[in-house]
Amino acid sequence: LSVDLEKGNFSLTLRPANVEGSESKAPERGERRERRERSEKSDAPPRISWDEYQIPGQKEFIEGKVVSITPFGAFVDIGAPTDGMIHISEMSDGRVESVESVLAVGQTVRVRVSKAEIKRNRISLSMNEWKEPKAQDEKKSYRRENKEEEDVEGKASKADLSKFLEGQPEFKSSFAMAWERATAKSK
């Protein structure tokens, strides 16, 4: 049983008390608060605000220290208002099997800021060199700018299309057919 009087919450568990291995891996809410208060009281300098922080250019590499590692990436302290995250796909140009195979907590790394989202309090980092964004393939427009008919193999002319459609039943959408049925029944 766990009770949080401050928030008016309680939680129950079916695990027996004081049994080895029954402790949960996640800290309780009170423990989280205590850890946060301890970290705020620690010797670490306070974080600067977004107003004070100068976001480096996308091509500029800066040094940072790996703070934590997750299966999908690593969080790095770069002296910004929040820790930046390097996604596993941004650690190398090639495939990375696991984050631990490339980085370790406490390691100093050279990273660049690829994206900073101030409103969401997020910084995306990359260990890869900056590359010119790929121009999207020009979308093929099937609309003819030139209204003149051209003889292209596999394409029918307007005259051929008109001949083909003569005598064909009119196309009706499923909505149009349902509407016709509904109005026919109401008569």
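Here, the structure is the one placed above.
Residues numbered from 1 in each chain as written. Predicted model: local features only at pLDDT ≥ 70, side-chain atom pairs only at ≥ 80, totals over all residues. Heavy atoms only, no water.

Counting secondary structure elements, the protein chain contains three helices and seven strands. Mapped from its N terminus to its C terminus, the protein chain presents α and β elements in the order β-β-α-β-β-β-β-β-α-α. A fraction of 54% describes how many contacts in the protein chain between residues 6 or more apart in sequence connect residues 24 or more apart. A total of about 16,200 Å² of accessible surface is found on the protein chain, and carbon and sulfur atoms cover 50% of it. (Helix = DSSP H or I, 4+ residues; strand = E, 2+ residues; numbered from the N terminus. Contact = heavy atoms within 4.5 Å. Areas by Shrake-Rupley, 256 points an atom, 1.4 Å probe, with all protein chains shown as cover.)

A positive phi angle, close to 55°, is found at Asn121, a residue other than glycine. When its relative accessible area of 38% is taken as the criterion, Asn121 is described as partly exposed. (Buried < 20%, exposed > 50% of the residue type's maximum accessible area, 1.4 Å probe, protein only.)

An ideal rise of 1.5 Å per residue puts 18 Å on 13 residues; helix H3 (residues 174-186) measures up with 19 Å between its terminal C-alpha atoms. For H3, the tally of buried residues reaches only zero of 13 residues, placing the bulk of the element at the surface. (Expected span 1.5 Å × (residues − 1).)

Once that is clear, we can look at the packing of aromatic side chains. One pass over the structure, following the stated rule, counts two aromatic pairs. Here Trp50 and Tyr53 contribute two aromatic rings whose centre-to-centre distance is 6.2 Å and whose plane-to-plane angle is 85°, an arrangement assigned as edge-to-face. When its relative accessible area of 16% is taken as the criterion, Trp50 is described as buried. On the numbers, 6.4 Å between centres and 20° between planes, the contact of Phe175 with Trp179 is stacked. Here Phe175 pairs with Trp179, and both are found in helix H3, just four residues apart, close to one helical turn. A single burial state applies to Phe175 and to Trp179, both of which are exposed. (Phe/Tyr/Trp six-rings, centres within 6.5 Å; stacked < 30°, edge-to-face > 60°.)

Moving on: the nonpolar core. In a soluble, globular protein the nonpolar side chains are often hidden away together inside. Among the nonpolar cores identified, the biggest contains 19 residues, and Ile78 and Leu125 are the most heavily contacted of them. Mapped onto this core, the elements with two or more residues apiece are strand S3 (61-70), strand S4 (73-77), strand S6 (108-117) and strand S7 (122-126). Per element, the largest residue contribution to this core is three residues, and it comes from S6. In this structure Ile78 touches Tyr53, Ile62, Glu63, Gly64, Val111, Val113, Ile123 and Leu125, once residues within four positions along its chain are discounted. (Core = buried A, V, L, I, M, F, W, Y, C linked by side-chain atoms within 4.5 Å.)

In total, this model carries six salt bridges according to the counting rule given. Between Asp83 and Arg47 there is a salt bridge; the shortest N-O distance is 2.6 Å. Of this pair, Asp83 sits in the loop between S4 and strand S5 (84-87) while Arg47 sits in the loop between helix H1 (29-41) and S3, and the two are 36 residues apart along the sequence. Notably, a salt bridge pairs Glu97 with Arg95, separated by 4.0 Å at the nearest N-O pair. The class for Arg95 is exposed, based on a relative accessible area of 69%. Via salt bridges that share partners, Arg47, Asp77 and Asp83 belong to a single interconnected network. (Salt bridge = Lys/Arg side-chain N within 4 Å of Asp/Glu carboxyl O.)

Where nonpolar side chains cluster on the molecular surface, the patch consists of Val3, Leu5, Phe10 and Leu12 and spans about 530 Å² of accessible area. Assignment of secondary structure puts Val3 in strand S1 (residues 2-4). Residue Val3 is classed as exposed on the basis of its relative accessible area, which comes to 54%. (Patch = residues over 30% accessible without salt bridge, like charges linked within 9 Å, V, L, I, M, F, W, Y side chains within 5 Å.)

Here we come to the sheet that holds S3. The five strands are arranged S3-S4-S5-S7-S6 in a closed barrel whose pairing can be described as mixed. Along the sheet, successive strands turn relative to each other by an average axial angle of 50°, direction set aside. (Pairing = 2+ DSSP bridges. Axes fitted to C-alpha atoms, helices over the stretch in contact; angles between N-to-C directions.)

On a regular strand, one side chain projects to one face of the sheet and the next to the other, so that they alternate. Bridge count between S3 and S6: five bridges; the pairing is antiparallel. Its bridge partner lying in S6, Lys65 is registered against Thr108. Two strands pair when backbone bridges link them, and S6 and S7 are joined in this way by five bridges, in the antiparallel orientation. In the sheet register, Arg112 faces S7, and the bridge partner there is Ser126. Linkage of S6 to S7, two consecutive antiparallel strands, is achieved through a turn of four residues, within which Asn121 is found at a positive phi near 55°.

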